[in-house]
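Remarks on the overall topology
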Amino acid sequence: MSMAIINTFGNVGVYYIVLLLSWFLVSGVCVWGRPATFLQDFEITWSETHIRQIDQGRAIQLILDQNSGCGFASKSKYMFGRVSMKIKLIPGDSAGTVTAFYMNSDTDTVRDELDFEFLGNRSGQPYTVQTNIYAHGKGDREQRVNLWFDPSADFHTYTIMWNHHHIVFYVDDFPIRVYKNSEGKGIPYPTMQAMGVYSTLWEADNWATRGGLEKIDWSKAPFYAYYKDFDIEGCPVPGPANCASNQSNWWEGAAYQALNAIEARRYRWVRLNHIIYDYCQDKSRFSVTPPECLAGI
Ligand SMILES: *[C@@H]1O[C@H](CO)[C@@H](O)[C@H](O)[C@H]1NC(C)=O
Ligand SMILES: *[C@@H]1O[C@H](CO)[C@@H](O)[C@H](O)[C@H]1NC(C)=O
């Protein structure tokens with residue numbers, strides 16, 4: 001076996017292994033700490049029978065069939081931080097299904113929530129990613145982007161970054177949405193409540209695909225989505241005092257207070273080429289443009 005590896009990769013392989021080993025030594029426990037296994041940070045909240053752990057809990061399979069969808073949630077809530085996971089969405093005809101990955105304060109009256117929702121489509125047609133932001137109980141801030149790749153062909157990384165300066169939704173290394181903290185201008189921003197991390201897979205064929213026109217084809221069930229590389233970096237609440245206000249947390253650092261030049265270029269590219277709905281432009285829905293849209297968010 002090892003002979004075969006050396007034969008195939010030769011010196012390059014050995015060099016690579018040495019490089020990897022020194023990286024592990026230098027970075028110590030951190031390498032092993034993140035990403036975490038599913039059960040380190042999460043628990044199943046809906047239908048145990050529809051979530052399977054695979055690869056010793058480093059990945060999971062979510063199942064949607066006619067009996068049930070499923071869901072999971074983080075054991076803790078967090079005050080600011082960055083949450084990411086790799087997701088491989090339902091392949092083929094996924095019309096009418098919704099896979100969601102979001103943060104939520106779980107406080108109904110004054111809900112804060114940051115949503116990624118992946119809306120399935122008929123075979124060969126692009127998946128839509130809907131994002132929404134609730135701040136101090138008010139949502140209605142939907143945007144939709146059509147993905148530039150097939151998200152069911154492979155794993156891609158979906159990230160929510162939330163700090164005192166802005167909220168950024170990333171697809172791989174591409175920001176697809178930025179919501180700046182403009183509290184100074186009286187625009188609501190989530191700063192008061194911790195949020196948990198959630199994910200669900202369910203049927204929503206009354207609205208998800210072409211406004212509900214496309215129904216789930218149950219003859220294609222069960223539907224499977226896969227998740228791995230669970231990574232939550234944030235201040236758990238309750239947790240160490242001062243954690244959430246600590247300006248030295250890495251996600252509050254200068255590099256994370258605004259998009260860098262490369263990110264800004266990618267964000268412009270997404271906005272120009274892939275946005276298909278923006279509530280800020282929806283005059284039929286809002287006779288008065290929402291203030292955050294005018295504030296250059
Ligand atoms: C599905 O594909 C159609 C055709 O390309 C597109 O118009 C639509 O936005 C896609 N997404 C959803 C959720 O319907
Ligand atoms: C603030 O965060 C930094 C970096 O994460 C850490 O080294 C430091 O101990 C923290 N300080 C407090 C008061 O929590």
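Residues numbered from 1 in each chain as written. Chains lettered and ligands numbered in written order. Predicted model: local features only at pLDDT ≥ 70, side-chain atom pairs only at ≥ 80, totals over all residues. Heavy atoms only, no water.

Section: the overall build of the chain
From N to C terminus, the chain includes five helices and 14 strands. Taking all 297 residues of the chain together, 47% fall into the buried category. With an accessible surface of roughly 15000 Å², the chain has 56% of that area assigned to carbon and sulfur atoms. (Helix = DSSP H or I, 4+ residues; strand = E, 2+ residues; numbered from the N terminus. Buried < 20%, exposed > 50% of the residue type's maximum accessible area, 1.4 Å probe, protein only. Areas by Shrake-Rupley, 256 points an atom, 1.4 Å probe, with all protein chains shown as cover.)

A closer look at the pattern of salt bridges
Following the criterion strictly, the structure yields 14 salt bridges and no others. Residues Glu113 and Arg111 are paired through a salt bridge, measuring 2.5 Å at the closest nitrogen-oxygen approach. Between Arg285 and Asp140 there is a salt bridge whose closest N-O contact spans 3.6 Å. You can see Arg285 sitting in the loop between strand E14 (275-278) and helix H5 (291-294) and its partner Asp140 sitting in the loop between strand E7 (128-134) and strand E8 (143-146), a full 145 residues away along the chain. On the basis of relative accessibility, which here comes to 36%, the residue Arg285 falls in the partly exposed class. A relative accessible area of 39% places Asp140 in the partly exposed class. Salt bridges sharing partners connect three or more residues here, namely Asp93, Arg122, Arg210, Glu214, Asp217 and Lys220. (Salt bridge = Lys/Arg side-chain N within 4 Å of Asp/Glu carboxyl O.)

Regarding the state of the cysteines
Enumeration over the complete set of coordinates arrives at two disulfides. Residue Cys235 pairs covalently with Cys243 via a disulfide, S to S 2.0 Å. Where Cys235 bonds to Cys243 through sulfur, the torsion about that S-S bond is close to -75°, and the disulfide is left-handed. Residue Cys243 is classed as buried on the basis of its relative accessible area of 15%. Two residues, Cys280 and Cys293, share a disulfide whose sulfurs are 2.0 Å apart. (Disulfide = S-S within 2.5 Å.)

Quick notes on empty space enclosed by the protein
In this structure the tally under the stated criterion is one cavity of 30 Å³ or more. Reported here for the largest cavity is a volume of approximately 40 Å³. Surrounding the largest cavity, Met161, His166, Tyr170, Ala255, Tyr256, Ala258, Leu259 and Glu263 form its lining. (1 Å grid on protein atoms, 1.4 Å probe; cavity = no way out; pocket = protein on both sides within 12 Å on 5 of 7 lines; lining within 4 Å. Points joined across faces, edges and corners; volume = space filled by probe spheres on them.)

Here's the deal with the layout of surface pockets
The volume enclosed by the largest pocket comes to roughly 340 Å³. Contributing to the lining of the largest pocket are 19 residues, with Arg82, Thr159, Tyr170, Asp172 and Asp173 lying nearest its centre. Of all the secondary-structure elements, those providing two or more residues to the lining of the largest pocket are strand E4 (70-88), strand E9 (156-162), strand E13 (223-237) and helix H4 (261-273). Counting residues per element, the lining of the largest pocket draws most heavily on E4, which supplies four residues.

Notes on the site of ligand 2
In the region of ligand 2, the neighbouring residues are Asn246, Ser248 and Asn249. Coverage of ligand 2 by the protein chains reaches 36% of its 360 Å² of free accessible surface. (Near = heavy atom within 4 Å.)

As for the site of ligand 1
The immediate surroundings of ligand 1 are formed by Leu119, Gly120, Asn121, Gln125, Pro126, Thr128, Ala208, Thr209, Arg210 and Ile276. In the model, an oxygen atom of ligand 1 is placed 2.4 Å from a nitrogen or oxygen of the Asn121 side chain. When ligand 1 is considered free in solution it has 360 Å² of accessible area, and contact with the protein chains removes 71% of it. Class assignment of the residues belonging to the shell around ligand 1 gives a composition of four nonpolar, five polar and one charged. (Polar contact = N/O pair within 3.5 Å; in protein donor to acceptor, adjacent residues only side chain to side chain. Nonpolar A, V, L, I, M, F, W, Y, C, P; charged D, E, K, R; others polar.)

Here we look at the nonpolar core
One recurring pattern in soluble globular proteins: nonpolar side chains tend to sit buried together. Formed by 56 residues in total, the largest nonpolar core has its most connected members in Phe72, Phe116 and Tyr158. It is E4 that provides the largest number of residues to this core, a total of eight residues. (Core = buried A, V, L, I, M, F, W, Y, C linked by side-chain atoms within 4.5 Å.)

Remarks on the side chain of Asp93
Within the secondary structure, Asp93 is located in the loop between E4 and strand E5 (97-104). Overall, the relative accessible area of 9% leaves Asp93 in the buried class. A polar side-chain atom of Asp93 sits 3.2 Å from the main-chain amide nitrogen of Ala95. Not counting the four nearest positions on each side in its chain, Asp93 is found in contact with Asn121, Arg122, Ser123, Asp217, Lys220 and Phe223. (Contact = heavy atoms within 4.5 Å.)

Considerations on the packing of aromatic side chains
Taken as a whole and assessed by the stated rule, the structure comprises 23 aromatic pairs. Ring plane angle 40° and centroid distance 4.7 Å describe the contact between Phe80 and Trp162, whose orientation is recorded as tilted. Of this pair, Phe80 sits in strand E4 while Trp162 sits in strand E9, placing them 82 residues apart in sequence. Since its relative accessible area comes to 0%, Trp162 is described here as buried. Taking the centre distance of 5.4 Å and the plane angle of 80° together, the rings of Trp148 and Trp269 count as edge-to-face. In this pair, Trp148 is assigned in the loop between E8 and E9 and Trp269 in helix H4, connecting sequence segments 121 residues apart. (Phe/Tyr/Trp six-rings, centres within 6.5 Å; stacked < 30°, edge-to-face > 60°.)

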